[in-house]
Amino acid sequence: MARLAGRRTLFAVPVLLVVTFGVFAIAAASPFDPVKAYAGTAALGADQETLDRLRANLGVDEPFAVRWWRWLTSALGGDLGQSSVLRQPVAQVIGERLVWSTLLCAVAFVAAVLVGSLLGVLAARRPGSWLDRAVTSLAYTLEAAPVFWVALLAVWLFALQWGVLPAGGLTDTASEQVTPGQVARHLVLPAGVLAVSQLPWFTLYVRQGVGDALAEDPVRGARARGLGEGTVLLGHALRSGLLPVLTLIGSRVPELITGALLVESVFSWPGIAAATVEAATSVDFPLLAALTALATLAVLLGNLLADLLYGLFDPRVDLDEM
């Protein structure tokens, strides 16, 4: 396990270098002007000399490779730079928002795994039944539905029509402090929508895996020995049937991050979505590189976690050979 983690760590280093270098290269080719984004409406009446001086002060008049190297060496020393658009240190921008994005993604992901696994098991028990057809149809329908459309539908139904849940934000409008109860209430809709966007994959994978496991000889032998259906399902089929889901965990991380950005934007959730959009449209090099590196690191950790879980639950897998 330690050797696998060490190899993946060594592999992550060049990946992060290439990704951050690519961010600076793409941002340099962007049609957006970071100087005008920084100056705002004041740039409309400024002369060219003032804009050039501001460009030099921000350091955006240098080649992107020079800016990337300066940012990289500072980041290795713990300094992620200054966000030009938010006028804050990049570490502070991420620190203030990352906790809320992590909370949203964690709750949604756990809910998607648990509910998706339950639906998949129920559908796999009786293939071709009305329950199987209903669960499968629902999964394919949700898989085709864009996450922002589901989010807008949830706001219209639960907030505007029924009025049972808040439409967005972190706390109530008149509240002066953040309380766990308000956060939990405001988290229901965005986390539910994000979970729904991930639900079809786990449902279909579990249905297929458990269905195949129920048709294997060891399970048939357990049934022939007179074991109860619950024992057969939980003790034999479920364990081998859930193995494909472990590999799915890592592959769903990029989709989870993308969906979280859209959900946060719809529900005004104070995560990293707004900072990502502002960094991209304003060509905020330090903030954009840090957020991209963070997303890349999350994907790499998700893949590592999936491999470790697969090796722990499947005795046939040798982690040292992965």
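Right above here is the structure, for reference.
Residues numbered from 1 in each chain as written. Predicted model: local features only at pLDDT ≥ 70, side-chain atom pairs only at ≥ 80, totals over all residues. Heavy atoms only, no water.

Colleague: Could you give me a rundown of the overall build of the chain, with the residues and numbers involved?
Modeller: When its secondary structure is counted, the chain shows 14 helices and 2 strands. Buried residues in the chain amount to 38% of all 322 residues. Contacts spanning at least 24 positions in sequence make up 73% of the contacts within the chain whose residues lie at least 6 apart. Of the roughly 17,200 Å² of accessible surface on the chain, 66% is carried by carbon and sulfur atoms. (Helix = DSSP H or I, 4+ residues; strand = E, 2+ residues; numbered from the N terminus. Buried < 20%, exposed > 50% of the residue type's maximum accessible area, 1.4 Å probe, protein only. Contact = heavy atoms within 4.5 Å. Areas by Shrake-Rupley, 256 points an atom, 1.4 Å probe, with all protein chains shown as cover.)

Colleague: Give a detailed account of the environment of leucine 170, specifying residues and quantitative values.
Modeller: For leucine 170, the position within the fold is in the loop between helix 7 (147–161) and helix 8 (180–214). Spatially, the C-alpha atoms of leucine 170 and glutamine 182 are 7.3 Å apart, while their sequence positions differ by 12 residues. Once you skip the residues sitting within four places of it in the chain, leucine 170 turns out to touch Trp100, Val178, Gln182, Val183, His186, Trp269 and Pro270.

Colleague: Describe the side chain of aspartate 284, with residues and values.
Modeller: Assignment of secondary structure puts aspartate 284 in the loop between helix 13 (273–281) and helix 14 (285–313). For aspartate 284, the side chain forms a polar contact with the side chain of serine 83, separated by 2.5 Å. Residues contacting aspartate 284, with those up to four places away along its chain left out, are Gln82, Ser83, Ser84, Val85, Leu86 and Ala279. (Polar contact = N/O pair within 3.5 Å; in protein donor to acceptor, adjacent residues only side chain to side chain.)

Colleague: An account of the environment of valine 283 is requested, with residue identities and associated values reported.
Modeller: Structurally, the position occupied by valine 283 is in the loop between helix 13 and helix 14. Apart from the residues lying within four places of it in its own chain, the contact partners of valine 283 are Ala27, Ser30, Phe32 and Pro34.

Colleague: Go over the pattern of salt bridges, please, and point to the residues and values.
Modeller: Here the structure, examined in full by the defined rule, presents 2 salt bridges. Linking aspartate 132 and arginine 207 is a salt bridge whose minimum nitrogen-to-oxygen distance equals 2.6 Å. One end of the pair, aspartate 132, is in helix 6 (residues 130–144); the other, arginine 207, is in helix 8, with 75 residues separating them in the sequence. Look at aspartate 132 and you get buried, because its relative accessible area is 3%. Under the relative-accessibility criterion, arginine 207 is labelled partly exposed at 26%. (Salt bridge = Lys/Arg side-chain N within 4 Å of Asp/Glu carboxyl O.)

Colleague: Can you lay out the packing of aromatic side chains for me, pointing to particular residues and giving the numbers?
Modeller: Summed over all chains, the structure comprises 8 aromatic pairs. Taking 5.4 Å as the distance between ring centres and 55 degrees as the angle between the ring planes, the aromatic pair formed by phenylalanine 21 and phenylalanine 64 counts as tilted. Within this pair, whereas phenylalanine 21 is found in helix 1 (residues 2–28), its partner phenylalanine 64 is found in helix 4 (residues 64–76), the two being separated by 43 residues in sequence. Residue phenylalanine 64 is classed as partly exposed on the basis of its relative accessible area of 28%. Between tryptophan 100 and tryptophan 269, the aromatic rings sit 6.4 Å apart at their centres with planes inclined by 90 degrees, giving edge-to-face as the arrangement. Of this pair, tryptophan 100 sits in helix 5 (residues 90–125) while tryptophan 269 sits in the loop between helix 12 (253–267) and helix 13, placing them 169 residues apart in sequence. The exposure class of tryptophan 269 is buried, given its relative accessible area of 4%. Cluster of aromatic residues (ring-pair linked, three or more members): Phe21, Phe64, Trp68 and Trp69. Sitting above the plane of the phenylalanine 285 ring, arginine 67 keeps its charged end 4.3 Å from the centroid. (Phe/Tyr/Trp six-rings, centres within 6.5 Å; stacked < 30°, edge-to-face > 60°. Lys NZ or Arg CZ within 6 Å of the ring centre and 35° of its normal.)

Colleague: Tell me what's going on with unusual backbone geometry, and back it up with residues and numbers.
Modeller: One non-glycine residue with positive phi stands out, namely arginine 87, at about 55 degrees. Along the polypeptide, arginine 87 turns up in the loop between strand 1 (82–83) and strand 2 (88–89). Given a relative accessible area of 49%, arginine 87 falls into the partly exposed group. Unlike most non-glycine residues, serine 268 shows phi in positive territory, near 50 degrees. You can see serine 268 is positioned in the loop between helix 12 and helix 13. Assessed through its relative accessible area of 53%, serine 268 is described here as exposed.

Colleague: Give me the lowdown on the side chain of serine 101, citing residues and values where you can.
Modeller: With respect to the secondary-structure elements, serine 101 resides in helix 5. The exposure class of serine 101 is buried, given its relative accessible area of 6%. Looking at serine 101, its side chain comes within polar contact range of the side chain of glutamate 264, at 2.7 Å. The contact partners of serine 101, leaving out residues within four places of it in the chain, are Glu264, Trp269, Gly271 and Ile272.

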